[in-house]
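# A structural walkthrough
What follows is each chain in one-letter form.
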Amino acid sequence: MLDPKLLRNNLQEVALQLARRGYTLETDKLAELEAERKVIQVKTQELQAERKSQSKAIGMAKKNAQDASEAMAAVARVGDELKTMESRLKVILDETHAIQMTIPNMPHETTPDGKDETENVILRSWGEPPVFDFTTKDHVDLGAQLGSGWSAKGGLMDFETAAKLSGARFSSLKGSLARMHRALIQLMLDTHTQHHGYTETYVPYLVKPDALRGTGQLPKFKEELFAIDGEQEFHLIPTAEVPVTNMVRESILDEAELPLRLTAHTPCYRSEAGAYGKDVRGLIRQHQFEKVEMVQIVKPEESLQALNELLGHAEKILQLLELPYQVVELCSGDIGFSAAKTYDLEVWLPAQETYREISSCSNFSDFQARRMQARWRNSETGKPELVHTINGSGLAVGRTLVAIMENYQQADGSIKVPEALKPYMDGLEFII
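Cut-offs applied
- Residues numbered from 1 in each chain as written.
- Predicted model: local features only at pLDDT ≥ 70, side-chain atom pairs only at ≥ 80, totals over all residues.
- Heavy atoms only, no water.
- Core = buried A, V, L, I, M, F, W, Y, C linked by side-chain atoms within 4.5 Å.
- Buried < 20%, exposed > 50% of the residue type's maximum accessible area, 1.4 Å probe, protein only.
- Helix = DSSP H or I, 4+ residues; strand = E, 2+ residues; numbered from the N terminus.
- Contact = heavy atoms within 4.5 Å.
- Pairing = 2+ DSSP bridges.
- Polar contact = N/O pair within 3.5 Å; in protein donor to acceptor, adjacent residues only side chain to side chain.
- Axes fitted to C-alpha atoms, helices over the stretch in contact; angles between N-to-C directions.
- Parallel < 35°, antiparallel > 145°, perpendicular 65-115°, else oblique.
- Left-handed = near helix turned anticlockwise from the far one by under 90°.
- Nonpolar A, V, L, I, M, F, W, Y, C, P; charged D, E, K, R; others polar.
- Phe/Tyr/Trp six-rings, centres within 6.5 Å; stacked < 30°, edge-to-face > 60°.

## Structural notes on the nonpolar core
Counting 50 residues, the largest nonpolar core has Leu321, Ile404, Leu421 and Ile431 as its most contacted members. The biggest single contributor to this core is helix α7 (residues 175-194), with eight residues. Not counting residues within four places of it along the chain, the set of residues in contact with Ile431 comprises Leu146, Leu156, Ser176, Leu177, Met180, Ser414, Ile415, Val417 and Met425.

## A closer look at the sheet that holds strand β5 (residues 206-207)
Read from one edge to the other, the open sheet built from three strands follows the order β5-β7-β6, with strand pairing classed as antiparallel. Only two strands of the sheet have a single partner each, and these edge strands are β5 and β6 (227-228). Bridge count for β6 against strand β7 (residues 234-236) is two bridges, and the pairing is antiparallel. Counterpart to Ala227 in the pairing with β7 is His235.

## A short note on the side chain of Asn246
Inspection of the secondary structure puts Asn246 in the loop between α9 (241-245) and β8 (251-254). Of the polar contacts made by the side chain of Asn246, one reaches the backbone oxygen of Ala211; its length is 2.8 Å. Excluding residues that lie within four positions of it along the chain, Asn246 makes contacts with Asp210, Ala211, Gly214, Thr215, Glu241 and Met372.

## Re the packing of α7 against helix α10 (residues 303-320)
Geometrically, a packed helix pair is captured by the angle between its two axes and the distance between the axes. Interhelical geometry of α7 versus α10 gives an angle of 130 degrees and a closest axis separation of 10 Å. Taken together, the axes of α7 and α10 are oblique relative to one another. Along this stretch, α7 crosses α10, giving a crossing that reads as right-handed. Between α7 and α10, the contacting residues are Leu187, Met188, Thr191 and His192 on the first element and His313, Lys316, Ile317 and Leu320 on the second. When the residues that make up the contact of α7 with α10 are grouped by side-chain class, the tally is four nonpolar, three polar and one charged.

## Description of helix α6 (residues 159-166)
With a side-chain oxygen lying 3.1 Å from the backbone nitrogen of Glu160, the N-terminal cap of α6 falls on Asp158. Within two residues after α6, Gly167 carries a phi angle of roughly 105 degrees, on the positive side.

## Focus: the packing of aromatic side chains
All chains considered together, the criterion is met by six aromatic pairs. Relative to Tyr325, the ring of Trp126 lies with its centre 5.7 Å away and its plane at 15 degrees, an arrangement referred to as stacked. Note that Trp126 is positioned in strand β1 (residues 121-126) and Tyr325 in strand β11 (residues 325-329), a separation of 199 residues in sequence. Looking at Trp126, the relative accessible area reads 32%, which means it is partly exposed. Of the residues examined, Tyr325 reaches a relative accessible area of 1% and is grouped as buried. Taking the centre distance of 6.0 Å and the plane angle of 85 degrees together, the rings of Phe221 and Phe337 count as edge-to-face.

## Here's the deal with the sheet that holds β8
Judged by pairing direction, the sheet is mixed, and its three strands sit side by side in the order β8-β14-β15 without closing on themselves. The open sheet is flanked by β8 and β15 (384-386), the only strands paired with a single partner. Neighbour to neighbour, the strand axes of the sheet diverge by 40 degrees on average, direction disregarded. Here strand β14 (residues 374-377) pairs with β15 via three bridges, running antiparallel. Within β15, the position partnered with Arg377 by the bridge is Pro384.

## Describing unusual backbone geometry
Note that the residue after Leu218, namely Pro219, is joined by a cis bond; omega there is 5 degrees. Among the secondary structure elements, Pro219 is positioned in the loop between α8 (209-215) and β6. A cis amide bond, omega 0 degrees, links Leu258 with the succeeding residue Pro259. Mapped onto the elements of the fold, Pro259 is located in the loop between β8 and β9 (260-269). In this structure, Glu250 is a non-glycine residue whose phi angle is positive, near 55 degrees. Here Glu250 lies in the loop between α9 and β8. Here Glu250 falls in the exposed class, since its relative accessible area comes to 62%. One non-glycine residue, Gln373, adopts positive backbone phi at about 55 degrees.

Structural data, given as structure tokens:
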């Protein structure tokens with residue numbers, strides 16, 4: 001969330017910054033609530049002073065054996081008024097906080113202005129899209145024809161069987177295609193831990209609402225989450241960002257502990273509310289999918305550099321797999337709710353003849369940290385300050401599998417195994 005002091009003291013400037021992302025701040029409502037808060041605060045201080053004075057009068061009257069009933073009545077009256085003021089103040093603070101929790105982060109000054117994804121900026125590309133001398137197929141058709149024996153029933157990528165088990169937007173992988181999926185996870189984790197300095201973590205897949213509020217999924221994106229009915233309120237994680245980032249919630253880190261670099265492989269669960277009719281074919285948009293996530297916890301002055309480094313770590317996976325991609329800087333109207341600055345990696349998909357998002361790398365500044373109360377102790381001042389949080393996919397595993405299948409497809413329908421994956425697949429050359 002944004003700094004409440006900033007909202008109180010620079011409301012119009014905050015509104016201008018949020019307008020860059022197409023968000024209209026409730027300035028009148030916030031100003032009205034703040035004005036009433038100030039009135040109540042002044043009135044409360046006056047009543048507290050009056051109660052203190054009348055309490056002294058009661059003491060003096062009793063000391064001098066005088067009638068203290070009038071002063072006692074005044075203290076009782078003041079007490080009742082204070083309770084009324086405190087009750088109203090709580091309502092005001094709760095209402096203000098509820099509004100603050102729905103306000104998105106302000107775009108970073110370096111985030112380009114723009115209204116939507118059509119105004120994002122392509123920064124660079126890597127690799128050349130492959131040229132085929134045969135008619136290409138998409139990953140759904142390729143997966144359906146792969147395999148032999150039992151695994152051939154429905155193909156190595158089987159949506160019909162998954163639909164019988166769980167309904168639409170689920171998939172089943174078998175045989176060497178399932179093995180490649182696992183190999184991708186291992187390649188990503190090994191690269192990030194052995195070469196990029198991340199600590200591998202294993203985290204819960206069920207989280208409490210406080211964790212989702214901490215990273216910004218609640219309350220705004222409640223409809224996109226899967227809730228678990230039971231005595232305790234749980235949600236399935238939509239991304240490993242939630243449990244991994246919340247590992248530093250309500251803590252004060254020593255300066256020497258920063259930067260923290262954490263990575264985790266988890267399944268992710270999203271209801272995809274409102275996304276029907278878009279990307280419904282195949283693995284692109286599923287209710288359950290796998291990701292390897294990278295999270296960095298850093299000092300504020302290091303967060304922009306950390307974002308660029310994390311972006312490079314995600315790019316490295318695509319380079320190892322020799323998949324053509326482009327780097328896109330998102331404009332102010334397309335960045336996510338909690339983000340101040342975002343880069344997307346988009347991989348080339350031959351069947352669609354376009355680049356599609358495979359990783360989103362964002363700097364959240366102190367937005368998530370304030371919601372989580374995640375801090376570090378500044379050695380120069382000795383005081384705790386909010387950390388900055390950065391995260392990105394390194395990568396979305398299913399979409400990476402899609403990109404390999406389509407970019408490495410052969411004329412006979414087989415899939416060539418990328419060199420970087422062969423050590424994880426006992427040297428297998430082709431999936432047939």
